[in-house]
Structure formats: structure tokens, C-alpha cells
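Coordinate inspection notes
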Amino acid sequence: MEGSNRAFDPFYFSGLNLSFPHIWRGTLRRKLQPFLWSLLLLTAASGTSMAQATKAQLEVSETFFTLAAALNSCGYDAGLEASLPLRQAVRAEIQSATQQSPEARQARNTICQFWIDHQLPGKDNDVTPYLSLALELGPPPAFALVLSEADLAPDAARVLGVISPLKRFYQAEGIQAIWEKHQGQYQALVNQFHDPVSQVLTQTDLYLKVPFSNYPGQRFVVYLEPLLSPAQVDSRNFGSNYYMVISPDREGHVRFPEVRHTYLHFVLDPLALSHGTALKQLEPILEDLRTAPMGESFKNDISLMVNECLIRAIEARTTIAKSNEVARNAYVQRSVEEGFVLTRFFYDQLGDFEKESTGLKNAYGNLLHLVSLERERKRAREIVFRDQAAPEIVSAVQPAPNEDRLLNIAEQKLSAGDHEGAQKIATEVLQHNHGGDAPGHAAFILARIATLAGKMEEARISFEAAVQSVHDSRMLAWSHIYLGRIFDIQQDRDVAVGHYRAALAAGDPAADTKAAAERGLAAPYQAGRATKP
């Protein structure tokens, strides 16, 4: 069923970034650009005459290709050795275009600086926010947002400023021609994985006994992008729509367990929404899971916890041979010891479900009704939890505070040259000071706007406000660097040196920060020298 000979490991989800913003309120308003192929319903082969369907699409995207190509040109090497040769070929073609054109070189350098500046500590090579943003971008060359900025996922909003550099990169590097050159290979991948992916989804539908009509208004889209690491699978949902981005490896395999896992969420998560009262009654069990090693989102949301338990129980019964009860029980026990304490209950109940004709849509409520809260809480209190959980499969995305979203928009406007728009947003955030990092970030934006306008005193006041409240190491370091330069221009060298030293001590690991601070220590700053961070 997997399309490969690799033994199934239910816990091998180390590359899966599965984001399910279950409290998401925005409506997905988008038109995806499919590439020739859609997965329509497949005929079931289980001895039943009823046609079984999976509402899924297998697609490729020039937008994903452009972003992945840009990040590859900037040092994104994760999974390179395991990738298809196509990835190296595209990298070589972009490198050649970069070497032949100063314009292409400048465009590449600009987007690479953005990539460097927006990597979070401990998350090198993290492409997740860019893939999140790509889901909300239209086709090139415009890369226009199909959602309002306020409705963007928080991680996508953080890298919103990449759009302008991406447009220049697309044009200068001749990405359209490179994309068209390799479209045939992308088409071949869609053809190659059509049946194996379909089989995974169809067999899941057959087990759950859910017909096509159970998915009205829902979409499950799998994007293939071979320029990404085969070890990572990114999955997320927006409302009732679920999206995955996967990459085949050199042997022609994709991560089918993650495809199945995401598809189970696609089927089961809407059922949780329609059984909110029954799930609410189970919430007290969360009190017994505070010391469990699983992610905090599961400890705070009963629907996430219950559905994860049910999904793991289903995986144990569908991916481990019935004859290997030892392995099934080991998997269930491991889930329980990680905090998913209802996995055993659901595993046992599914034995009865398999013997009946009722589909899971109708059986879901009865499964919840059969949970004895008192008995399961007693079991939970007797469990010796593991010290660590397997790599986390589901992380619930919380909406970014409104101030953070506004400031991300302000950064985008500043990057695009709309200083007035950026200043207006930053000033409003500063006036409605709600604490946290927002006031410092707003002051940092206002200070840079003042610097660009040549208003030195105004810039100094804002940078000094930033260093008093900002916690981001890069903002803090560059606030000190700018202050050092201002005091150098004012010929107050001792104060300037103090700021350069503070910049080095701020903890920003970026090479350009260190170099700028060290230059400031070595010699006084001179106005007009190219030192843009």
C-alpha cells in the first residue's frame, strides 16, 4: 500500500510540520492553479460494488517552484543528497543565470539577505513560513495575495516582505523559462504518484466506510515540489481545506504515512466540530495530562487530543498487520505513554466498528458517548508518562496578536517604499501600547523611516526607545548599531563605541550584524558609507 518496501513506523513523522489552526476564523478565498491533473474518485477494490471516492487533488505550482528555487539558490540544502537529480539541475541553471547577469546577481543577493534575516534561532533551513505564504499567492509574475493581509497565517505574515524580492528574482533569473523547461518532468511526477497516493486515500476511505458525499465543500490538495527536502512534509488546513507539500526522494518514494495522517485529519476534524458538546464533557481528562510530554496544544484542546488518539488507533489497525498484535499493542501503549490516553479505548472500540456496516461519520458520536470519563481518568492517573514524545505531529497555530500582524504589514510597506503607510501603522501600534515586543518593534520601524528621511534626532529618539523595550536580538543589535553611527556623526565617539559593543552583546548570530558592529569599533562611521542591514 505504501508504494515502497520500507517498514511502516507509526512514529516516523520527524519531517512532518502539520499545522491545524482549529480556531482559525478567516475564510479561505483563493483560486488554486492546478497543473493538468486532479485526482477524481477511484473504484474501490474491496469486494463491494459501491464506487468509493476520495476528494483530493495532486498538483504542482509555478509559485512553489519559484520560491523553492530562490531558497535553493540561497543555501537551502536540506535533504539535497536524497533529492531527485532535478533539484541539482535547477540549482545549476539558476547559478548559471546568476553568474551571467549583474541584475540576476543583485536580485539573488536581495532575496538571500531576506532569507538570512528572517531565519529564527535554531530553525536554520526552515522553509515552512514560505510554503505557508505560497499557498496565499497567485501565479507569477505578480505573486498577488489572494487573501487580505489581516487574514494571513502568522508564519506567512512574518515573511510577507519576500514578495517584492521574489518578483525581481523571477524576472531577473528567467524563472519562467526554467519552469517551462522542466514542466514535463513535473507532469511525469504527477503521473507517477497519482495511483499510489490515490490508493492510500481510497483504502483509508474504505476502512472508515465514508462515501464521497461526506466531504461537501472540502478540498484535500497534495502539492509535489521536488526542489524541497524529501524528509519534510508540510501540512496545514484553512477552514475545511487541507494542503500538503511533499517531495519525492531519489528512489522515487514519498512520505505516504504523513499523507494518510493528514487525510485522517481531513476526514475527522470536521466531525469533531459537529460534536462539540460531547467533547466538552471529556475536557476534565486534560487535567491529568499536564505532565505528559506531548505538545501543549493537545493539553489545551480536547478536540485535538481526542482526534489524535482516534487517528493513532486507526493507524495501528490499518498499517500494522492484524497478525502482529504485539506491534499493534506496542504502538498503542507508546501513544498512551506520550499522553494520548484514549488511544487504547479507541483501538478496542474499532474492533467492533470493523464488524459493522456503519460508517465512521455516524459512529463518531457513539464512540464519544461510550467513553467513561471516570474510568479513563483513573487510567490516565496510573500511567507513567515518557520523558519525551516522538516528534510532534500536530501543532495548533494560534493567530498572531493584532499588533504583530500590523507590524508585519508595516515592514512590507517599508520594504516596498511606502514610508507613509508604514509610519501610520507603526505610530498607531505605539499609541495603543499593549506591551510585549510590539512597542519596541514599532519604534524600530519609525526610527528607520526617520533615518531614511535624514531626521537624525528623531531617529535617535526612536532607536533609544527601541533598545529599551525590544527583545528580538537582531532588532536590538541594529538599534545599537544605528545609534552608534548617529553618535559617530555627532562626534561623540565614546557613546558610539558603547553602542557598538552593546550590538555585539545583543546575541544576534548573523554575520552582517557582527561585521557592522566590528567596523564601528574599528573606525568612526562616516555618513554615506553603504551599511544597510
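Regarding the overall build of the protein chain
Broken down by element type, the protein chain carries 22 helices and six strands. Within the protein chain, the proportion of its 533 residues that are buried is 54%. Within the protein chain, contacts between residues at least 6 apart in sequence are counted, and of these 71% link residues at least 24 apart. When the accessible area of the protein chain is evaluated, it comes to approximately 23300 Å², of which 51% is carbon and sulfur surface.

Description of the confidence of the model for the protein chain
Looking at the protein chain, pLDDT values average 82 and 83% of them are 70 or higher. Across the protein chain, element-level confidence peaks in helix α13 (residues 343-353) with a mean pLDDT of 97 and bottoms out in strand β6 (residues 394-395) with 36. Note that pLDDT drops below 50 for residues 20-54; the model gives that stretch 100 contacts with residues more than four away or on any other chain. Confidence over residues 392-401 falls short of pLDDT 50; this stretch has 39 contacts with residues more than four positions distant or in other chains.

Describing the nonpolar core
Residues Met 305, Val 306, Ile 314, Leu 342 and Phe 346 are the most contacted members of the largest nonpolar core, which totals 114 residues. Examining the composition of this core, we find that 12 residues originate from one element, helix α7 (residues 175-208), more than from any other. Ala 466, Ala 477, Phe 487 and Ala 517 belong to the second largest nonpolar core, which has 25 residues in total.

A few points about the environment of Asp 155
Structurally, the position occupied by Asp 155 is in helix α5 (residues 154-158). In this structure, the C-alpha to C-alpha distance between Asp 155 and Tyr 130, residues 25 residues apart in sequence, is 8.1 Å. Those residues in contact with Asp 155 that lie beyond four places of it in its chain are Thr 128, Pro 129, Ser 132 and Arg 236. Here Arg 236 takes part through its side chain, which lies 2.9 Å from a polar atom of the side chain of Asp 155.

With respect to helix α14 (residues 360-370)
Since there are 3.6 residues in each turn of an α-helix, residues three or four apart along the chain are aligned in direction. All buried positions along α14 are accounted for by Leu 360, Ala 363, Tyr 364, Leu 367 and Leu 368. Along the axis of α14, the buried positions cluster into a sector of 145°, meaning they face one direction only. For α14, the exposed residues set more than 90 degrees away from the buried face come down to Asn 362 and His 369. Close packing links the buried residues of α14 with α7, α8 (256-273), α9 (276-280), α11 (302-319) and α13.

A few points about the packing of aromatic side chains
What the rule picks out here adds up to 17 aromatic pairs. On the numbers, 5.1 Å between centres and 55° between planes, the contact of Phe 65 with Trp 179 is tilted. Of the two residues, Phe 65 sits in helix α1 (residues 62-73) while Trp 179 sits in helix α7, which places them 114 residues apart along the sequence. For Phe 65, a relative accessible area of 0% corresponds to the buried category. A ring pair is formed by Tyr 263 and Phe 266, whose centres lie 5.6 Å apart and whose planes are at 25°; its orientation type is stacked. Of this pair, Tyr 263 and Phe 266 both sit in helix α8, three residues apart, which is roughly one turn of the helix.

Some details on the packing of α1 against helix α6 (residues 163-172)
Closest axis-to-axis distance for the α1/α6 pair is 11 Å, and the angle between their directions is 90°. Taken as axis vectors, α1 and α6 run roughly perpendicular relative to one another. Side by side, α1 and α6 meet where Glu 62, Thr 66, Leu 67, Ala 69, Ala 70 and Ser 73 of the first sit next to Leu 166, Phe 169 and Tyr 170 of the second. Partitioning the contact of α1 with α6 into residue classes produces six nonpolar, two polar and one charged.

Side note on the environment of Val 336
Tracing the sequence through the fold places Val 336 in helix α12 (residues 325-337). Each C-alpha atom, one on Val 336 and one on Val 384, is 9.4 Å from the other, the two residues being 48 residues apart in sequence. Dropping the residues within four chain positions of it, Val 336 is found in contact with Val 341, Thr 343, Arg 344, Ile 383 and Phe 385.

Some thoughts on the environment of Leu 264
Inspection of the secondary structure assignment puts Leu 264 in helix α8. A relative accessible area of 0% places Leu 264 in the buried class. Between the C-alpha atom of Leu 264 and that of Arg 312, which follows or precedes it by 48 residues, the distance is 9.7 Å. Setting aside its immediate chain neighbours within four residues, Leu 264 contacts Thr 204, Leu 208, Asp 269, Ile 311, Ile 314 and Glu 315.

Digging into the pattern of salt bridges
Summed over the entire model, instances satisfying the criterion amount to 25 salt bridges. Salt-bridge contacts for Arg 219 lead to Glu 59; the nearest nitrogen and oxygen are separated by 3.9 Å. Taken together, the positions of Arg 219 in strand β3 (residues 219-224) and Glu 59 in strand β2 (residues 56-59) put the pair 160 residues apart, joining distant regions of the chain. The exposure class of Arg 219 is partly exposed, given its relative accessible area of 25%. According to the relative accessible area criterion, Glu 59 is buried, its value standing at 0%. Put simply, Arg 474 and Asp 508 hold a salt bridge, and the shortest N to O gap is 3.1 Å. Of this pair, Arg 474 sits in helix α20 (residues 473-489) while Asp 508 is found in the loop between α21 (493-504) and α22 (511-522), placing the two residues 34 residues apart along the sequence. As far as the burial class goes, Arg 474 and Asp 508 line up, both buried.

Quick notes on the rules
- Residues numbered from 1 in each chain as written.
- Predicted model: local features only at pLDDT ≥ 70, side-chain atom pairs only at ≥ 80, totals over all residues.
- Heavy atoms only, no water.
- Helix = DSSP H or I, 4+ residues; strand = E, 2+ residues; numbered from the N terminus.
- Buried < 20%, exposed > 50% of the residue type's maximum accessible area, 1.4 Å probe, protein only.
- Contact = heavy atoms within 4.5 Å.
- Areas by Shrake-Rupley, 256 points an atom, 1.4 Å probe, with all protein chains shown as cover.
- pLDDT = per-residue confidence, 0-100.
- Core = buried A, V, L, I, M, F, W, Y, C linked by side-chain atoms within 4.5 Å.
- Polar contact = N/O pair within 3.5 Å; in protein donor to acceptor, adjacent residues only side chain to side chain.
- Arc of directions from axis to C-beta.
- Phe/Tyr/Trp six-rings, centres within 6.5 Å; stacked < 30°, edge-to-face > 60°.
- Axes fitted to C-alpha atoms, helices over the stretch in contact; angles between N-to-C directions.
- Parallel < 35°, antiparallel > 145°, perpendicular 65-115°, else oblique.
- Nonpolar A, V, L, I, M, F, W, Y, C, P; charged D, E, K, R; others polar.
- Salt bridge = Lys/Arg side-chain N within 4 Å of Asp/Glu carboxyl O.

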